[in-house]
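Residue-level structural notes
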Amino acid sequence: MTVLVDDPRWPAHGRLWAHLVSDESLEELHAFARSQSVPTRAFDLDHYDVPEEMLPRLVAAGAHHVSGKELVRRLIASGLRIPARDRR
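The sections below set out a description of the structure shown in this document. (Residues numbered from 1 in each chain as written. Predicted model: local features only at pLDDT ≥ 70, side-chain atom pairs only at ≥ 80, totals over all residues. Heavy atoms only, no water.)

**Notes on the pattern of salt bridges**
- Under the defined criterion, the tally for this structure stands at five salt bridges.
- A salt bridge links Asp23 to Arg74; its shortest N-O distance comes to 3.0 Å. Here Asp23 is found in the loop between β3 (15–22) and α1 (26–35), whereas its partner Arg74 is found in helix α3 (residues 68–78), with 51 residues between them in sequence.
- Given a relative accessible area of 18%, Asp23 falls into the buried group.
- With a closest N to O distance of 3.7 Å, Glu70 and Arg74 form a salt bridge. Taken together, the residues Glu70 and Arg74, both in helix α3 and four residues apart, mark about one turn of the helix.
- A residue is classified by how much of its surface remains accessible, and Arg74, at 22% relative accessible area, is partly exposed.
- Put simply, Asp23, Glu70, Arg73 and Arg74 are held in one network by salt bridges that share partners. (Salt bridge = Lys/Arg side-chain N within 4 Å of Asp/Glu carboxyl O. Helix = DSSP H or I, 4+ residues; strand = E, 2+ residues; numbered from the N terminus. Buried < 20%, exposed > 50% of the residue type's maximum accessible area, 1.4 Å probe, protein only.)

Just geometry here; none of it tells us what the structure is for.
Now the structure itself:
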């Protein structure tokens, strides 16, 4: 299982947010998110937006904490990245 979470650096709704991705498959990502009670509404095409306070629990459950650059690099390499031009 290779689920990755980056640093919470994106402000919204009065808190900081991180990204949760898989570099293997969306099925793996969804299964991990379900197991950690990440709401389905947090899914955005190739990642989940997760609040800062959830990060320790996600890492304890097996997510690898990486930099934002590393997360994007591995997501692109996996073929799962949805480019900005293809988003909503």
